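Report on the structure
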Amino acid sequence: LCELHAVLSGEVVLECEGKRKILRAGELLLLPPATLHRYLSYGEGAALYNLRFRISKRRDSFSHKLYSAAKERFELGAPFTLKASEELSAALASLMSEYDAFVCANDNNGWRLERLRHYAALFFASLFEAASVIPKPCQCEETENSEEALLGHIIDRYFYYNIDRNISLEELAESISYSKSQTKRILLDLYGISFKEKALRTRIEAAKHYLLSTDFS
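Residues numbered from 1 in each chain as written. Predicted model: local features only at pLDDT ≥ 70, side-chain atom pairs only at ≥ 80, totals over all residues. Heavy atoms only, no water.

Points about the overall build of the chain
When you go through the chain residue by residue, the secondary structure sums to seven helices and seven strands. Counted from the first residue to the last, the chain has its helices and strands arranged as β-β-β-β-β-β-α-β-α-α-α-α-α-α. Looking at the 217 residues of the chain, the share that counts as buried comes to 39%. Within the chain, contacts between residues separated by at least 24 positions form 64% of all contacts whose residues are at least 6 apart in sequence. Entry remark: accessible area of the chain is about 12500 Å², with carbon and sulfur atoms responsible for 52%. (Helix = DSSP H or I, 4+ residues; strand = E, 2+ residues; numbered from the N terminus. Buried < 20%, exposed > 50% of the residue type's maximum accessible area, 1.4 Å probe, protein only. Contact = heavy atoms within 4.5 Å. Areas by Shrake-Rupley, 256 points an atom, 1.4 Å probe, with all protein chains shown as cover.)

This is how it looks when you write it as C-alpha cells:
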C-alpha cells in the first residue's frame, strides 16, 4: 500500500529511509509501499491525516496510460513531498468530512458509501494533478449545488482522462454509480448536452489546449 501523510497544522519531524524530514502545515508526503519511516517529534498544535491506498487498474477508471504513469510515480518512485494547492486542500477537507460522516452514521446505507467514493475519486484526481502525474482537465462548469459540483468535477475528469478511448455511456454510468437513464439526465442538467456531445467537446478543448501550449517553431 502507498501512504499519504498530510500535515493539517503545526510541524512534524520524521525519519524516512534514514533521512530526516520536516513537514509543515499544508505539505503532503507520499510514500511508496514498504518505505521505512517513523515520526521523531510533533510540534505544538500539530495535526496529521494519513491515508493508505493501492493503485489498481479498473475498466471504469483511468486509462491504461494514466494507470501506468501513476503506478510508476507512486509505487515505484522515491518518497516525495508537495505543497497542497487550494483545490487539493479543499478536496482533502471534503474527503475527511465525508469519511467522518460515514463512520458516525454506522450503517450500510448505499448512498453514503457512494458519496464517500465520489469524494475519494475527486481527491485522488486532484492529487495526481498536483503531483504532475496527469494534466489538469478543463474547468467544469460552475453550479451552486454542491452535489452537482462534485459530480461535475468527476465527470469532467472521467472524460478528460479517457480522451484516447472510445468510452461508452454505460462505462460512465458505472463509474459514477448511476443508471444509464440517470446519467443521461445528469449530463443534461449539468451541461445541457448529450454524452456524445460532451465527449466531442472534451476532445476539442483538449486539442485547443495542446495547440496553444505547443511550440511548433
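A look at the environment of Leu127
If you trace the backbone, Leu127 turns up in helix H3 (residues 110-130). Residue classification places Leu127 among the buried residues on the basis of a relative accessible area of 0%. On a C-alpha basis, the gap between Leu127 and Leu88 in space is 6.4 Å, while along the polypeptide they are 39 residues apart.

As for the packing of aromatic side chains
The tally for this structure, following the rule as stated, stands at two aromatic pairs. For the pair Tyr39 and Tyr42, a centre-to-centre distance of 5.5 Å together with 25 degrees between the ring planes defines the contact as stacked. Residue classification places Tyr42 among the exposed residues on the basis of a relative accessible area of 54%. Judged by centre distance (5.4 Å) and plane angle (45 degrees), the ring pair of Phe159 and Phe195 falls under tilted. With a gap of 36 residues between them, Phe159 in helix H4 (residues 146-161) and Phe195 in helix H7 (residues 195-213) connect regions that are remote in the sequence. With respect to class, Phe159 is no different from Phe195; both count as buried. Sitting over the ring of Tyr191, Lys198 keeps its end group 4.1 Å from the ring centre. (Phe/Tyr/Trp six-rings, centres within 6.5 Å; stacked < 30°, edge-to-face > 60°. Lys NZ or Arg CZ within 6 Å of the ring centre and 35° of its normal.)

Notes on the pairing of strand E7 (residues 80-83)
Here E7 shows a buried face lined by Phe80 and Leu82 and an unburied face lined by Thr81 and Lys83. By the bridge criterion, four bridges tie strand E4 (residues 27-31) to E7 in an arrangement that is antiparallel. Paired with Glu27 across the strands is Lys83, a residue of E7. (Pairing = 2+ DSSP bridges.)

Focus: the nonpolar core
Counting residues in each nonpolar core, the largest one holds 41 residues, and the members touching the most others are Phe123, Ile155, Phe159, Leu172 and Leu187. Apart from the residues within four sequence positions on either side, Ile155 is in contact with Leu172, Ile176, Ile186, Leu187, Leu190 and Tyr191. Leu14, Leu23, Leu29 and Leu31 belong to the second largest nonpolar core, which has seven residues in total. (Core = buried A, V, L, I, M, F, W, Y, C linked by side-chain atoms within 4.5 Å.)

Digging into helix H2 (residues 86-105)
Taking 1.5 Å of rise per residue, 20 residues should cover 28 Å, and H2 covers 29 Å from first to last C-alpha, within 8% of that figure. Where H2 is concerned, the buried positions are Leu88, Ala91, Leu92, Leu95, Met96 and Glu98. (Expected span 1.5 Å × (residues − 1).)

Notes on helix H6 (residues 180-191)
Residue pairs three or four apart in sequence face the same way in an α-helix, which turns once every 3.6 residues. For H6, built from 12 residues, the straight-helix expectation of 16 Å at 1.5 Å per residue is met to within 8% by its first-to-last C-alpha distance of 16 Å. Within H6 the residues assigned to the buried category are Thr183, Ile186, Leu187, Leu190 and Tyr191. The buried residues of H6 all sit within an arc of 100 degrees when viewed along its axis, so they share a single face. Turned more than 90 degrees away from the buried face of H6 sit Ser181 and Leu188, all of them exposed. After H6 finishes, the residue Gly192 shows a positive phi value of roughly 75 degrees. (Arc of directions from axis to C-beta.)

Details of the sheet that holds strand E3 (residues 19-24)
Strands sit in the order E3-E2-E5 across an open sheet of three strands; the sheet is antiparallel. One side of each edge strand has no neighbouring strand; the edge strands of this open sheet are E3 and strand E5 (37-42). The mean angle between the axes of side-by-side strands here comes to 25 degrees, regardless of whether they run parallel or antiparallel. With five bridges joining them, strand E2 (residues 11-16) and E5 adopt antiparallel strand pairing. (Axes fitted to C-alpha atoms, helices over the stretch in contact; angles between N-to-C directions.)

Considering unusual backbone geometry
Of note, Glu17 is a non-glycine position whose phi angle comes to about 55 degrees, a positive value. Inspection of the secondary structure puts Glu17 in the loop between E2 and E3. Classification of Glu17 as partly exposed rests on a relative accessible area of 46%. Even without being glycine, Ala34 reaches a positive phi, approximately 65 degrees. Looking at the element boundaries, Ala34 is found in the loop between E4 and E5. The exposed category is assigned to Ala34, whose relative accessible area is 76%.

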